[in-house]
Amino acid sequence: MTKHVMILATDGFEQSELLKPKANLENAGIETTVVSLESGEIKGWDQDDWGKSVKVDKTVDDVSDCAEYDALLIPGGQINPDLLRANDRAVAIVREFNDAGKPIAAICHAPWMLIEAGIVEGKTATCYTSIRTDLKNAGAKVVDQEVATDGNLITSRNPDDIPAFSKALIEALGVKVDDRQLESA
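Procedures and definitions
Per chain, the residues get numbers from 1 upward, laid out in the order the sequence is written. It should be noted that, the model being predicted, local features are given only for residues of pLDDT at least 70 and side-chain atom pairs only at 80 or more, the latter also being counted only at that level, while totals for whole chains, interfaces and linings use all residues. Based on all heavy atoms of the structure, the side-chain values leave hydrogens and waters out of the count. Within 6.5 Å between ring centres, the rings of Phe, Tyr and Trp (the latter by its six-membered ring) count as paired, and their orientation is classed by plane angle as stacked under 30 degrees, edge-to-face over 60, tilted in between. Accessible area is worked out with a 1.4 Å probe on protein chains only. A residue is then buried under 20% of its type maximum, exposed over 50%, and partly exposed in between. In this text, helices come from DSSP runs of H or I with a minimum length of four residues, and strands from runs of E with a minimum of two, each type numbered from the N-terminal end. Each ring is checked for a lysine NZ or an arginine CZ that lies within 6 Å of its centre and within 35 degrees of its normal; such an atom marks a charge sitting over the ring. Any two strands between which DSSP finds at least two bridges are classified as paired. The span one expects for a helix is its residue count, reduced by one, times 1.5 Å. Throughout, a contact is declared for two residues whenever any of their heavy atoms are within 4.5 Å. Polar contacts, as counted here, are pairs of nitrogen or oxygen atoms within 3.5 Å of one another; within protein the pair requires one atom able to donate a hydrogen and one able to accept it, and residues that are adjacent in sequence qualify only if both atoms are side-chain atoms. What counts as an axis is a line fitted to C-alpha atoms, over the stretch in contact for a helix, and the angles between N-to-C directions run from 0 to 180 degrees. Convention used here: angles under 35 degrees read as roughly parallel, angles over 145 as roughly antiparallel, angles from 65 to 115 as roughly perpendicular, and any remaining angle as oblique. Each crossing gets its hand from how the near helix is turned against the far one by less than a right angle, where anticlockwise is left-handed and clockwise is right-handed. Nonpolar residues are Ala, Val, Leu, Ile, Met, Phe, Trp, Tyr, Cys and Pro. Charged residues are Asp, Glu, Lys and Arg, and all others, Gly as well, are polar. In these notes, a set of buried Ala, Val, Leu, Ile, Met, Phe, Trp, Tyr and Cys residues joined through side-chain atoms within 4.5 Å is what counts as a nonpolar core.

K.L.:
Now, about the packing of aromatic side chains: what can you tell me, with residues and values included?
P.N.:
Inspection of the entire model under this criterion finds two aromatic pairs. Both rings, one in Trp 45 and one in Trp 50, keep their centres 4.9 Å apart while their planes meet at 85°; by these two values the pair is edge-to-face. Taking relative accessible area as the criterion, Trp 45 reaches 24% and is therefore assigned partly exposed. Here the aromatic rings of Tyr 69 and Phe 97 are separated by 6.5 Å at their centres, their planes lie at 45°, and the arrangement is tilted. Pair noted here: Tyr 69 is in the loop between strand E6 (58-59) and strand E7 (71-74) and Phe 97 is in helix H3 (residues 88-99), with a separation of 28 residues, a long-range link. Note that Arg 85 overlies the ring of Trp 112, its terminal NZ or CZ placed 4.2 Å from the centroid.

K.L.:
Give a description of the sheet that holds strand E8 (residues 104-107) that names residues and reports values.
P.N.:
Strand order across the open sheet formed by seven strands is E6-E3-E1-E7-E8-E12-E11, with mixed pairing between neighbours. Where the open sheet ends on each side, the last strands, each with one partner, are E6 and strand E11 (148-150). Bridge analysis of E11 against strand E12 (residues 153-156) gives three bridges, and the strand direction is antiparallel. Note that in E12 the partner of Thr 149 across the bridge is Ile 154.

K.L.:
Describe the pairing of E12, and please don't skip the residues or the numbers.
P.N.:
Because side chains alternate across E12, one face comprises the buried residues Leu 153 and Thr 155, and the other comprises Ile 154 and Ser 156, equally buried. Here E11 folds back onto E12 in antiparallel fashion, the turn holding two residues, of which Gly 151 has a positive phi close to 65°.

K.L.:
Quick one: what's the story with H3, residue by residue and with numbers?
P.N.:
The end-to-end C-alpha separation of H3 is 16 Å, in line with the 16 Å expected for 12 residues at 1.5 Å each. Residues Arg 89, Ala 90, Val 91, Ile 93, Val 94 and Phe 97 constitute the buried set of H3. Tucked inside the fold, the buried residues of H3 contact strand E1 (4-8), E7, helix H2 (79-84), E8 and helix H4 (111-116). Its side-chain oxygen 3.0 Å from the backbone nitrogen of Arg 89, Asn 87 forms the N-cap of H3.

K.L.:
Go over the packing of helix H1 (residues 15-27) against helix H6 (residues 162-172) with me, naming the residues and quoting the values.
P.N.:
In the contact formed by H1 and H6, the axes pass within 10 Å of each other and the chain directions differ by 45°. Put simply, H1 runs oblique to H6. Considering only the axes of H1 and H6, their crossing is right-handed. Between H1 and H6, the contacting residues are Ser 16, Glu 17, Lys 20, Pro 21, Asn 24 and Leu 25 on the first element and Ile 162, Phe 165, Ser 166, Leu 169 and Ile 170 on the second. Looking at the contact of H1 with H6, its residues break down into six nonpolar, three polar and two charged.

K.L.:
Outline the sheet that holds strand E5 (residues 49-55), supporting the account with residue identities and numerical values.
P.N.:
The pairing of strands in a sheet happens through backbone hydrogen bonds and is either parallel or antiparallel. Reading across from one edge, E2-E4-E5 is the order of the three strands in this open sheet, with mixed pairing throughout. Single-partner strands in this sheet number two, and they are strand E2 (13-14) and E5. Bridge count between E2 and strand E4 (residues 41-46): two bridges; the pairing is parallel. Each bridged residue has a counterpart across the sheet, and for Phe 13 the counterpart in E4 is Gly 44.

K.L.:
Could you give an account of the pairing of E7, naming the residues involved and the relevant values?
P.N.:
Across the two faces of E7 the burial is the same, with Ala 71 and Leu 73 and Leu 72 and Ile 74 all buried. Examined bridge by bridge, E7 and E8 share three bridges and lie parallel to one another. The residue of E8 that forms the bridge with Ile 74 is Ala 106.

K.L.:
I'd like to hear about the nonpolar core, residue by residue, with values.
P.N.:
Among the nonpolar cores identified, the biggest contains 30 residues, and Leu 8, Ile 74, Val 94 and Ile 104 are the most heavily contacted of them. Within the residue set of this core, elements represented by two or more residues are E1, E7, H3, E8 and H4. The element contributing the most residues to this core is H3, with five residues. When residues no more than four places from it in sequence are discounted, the contact partners of Ile 74 are Leu 8, Leu 84, Val 94, Ile 104, Ala 105, Ala 106, Ile 107, Ala 110 and Met 113. In this structure, Ala 71, Ile 107, Cys 108 and Ala 168 belong to the second largest nonpolar core, which totals 25 residues.

Now the structure itself:
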């Protein structure tokens, strides 16, 4: 049975942190659906300027429940999770995945969504350096490593960690992956 991952993102997502994991998932035979705050397209942030646009498949309001998805992927970028965490439905989606015990993969600044959803207390996690204090203040045990997995939560620090991040999510879905097939930043 094909696995299906929801990618929760909006304008300002770190381009490599959405496009590369998405490609890695799809190359492993996993379906992806981009869910955002509004329909149409969302625009990525590529290092220091606006990047490519990505088609939105559904809005957060179109998602009545998360049962049709096997996991959640939240790309980082400073803008993306900051906008998402201000949306009640986006935060509720994170909680629904957590309540169902499904894998939630958050990279870079995306652990802000895990903090907003109130699901990091007592968990080991990693993130971009500038939000480590936020993660610690939310009760997480913060580590500095390319990927941290604690229960259903998978976190990574930055684009350099994309291969390990992707591999952890793919394996959490019970799919085998060849490291040589993983795209990096």
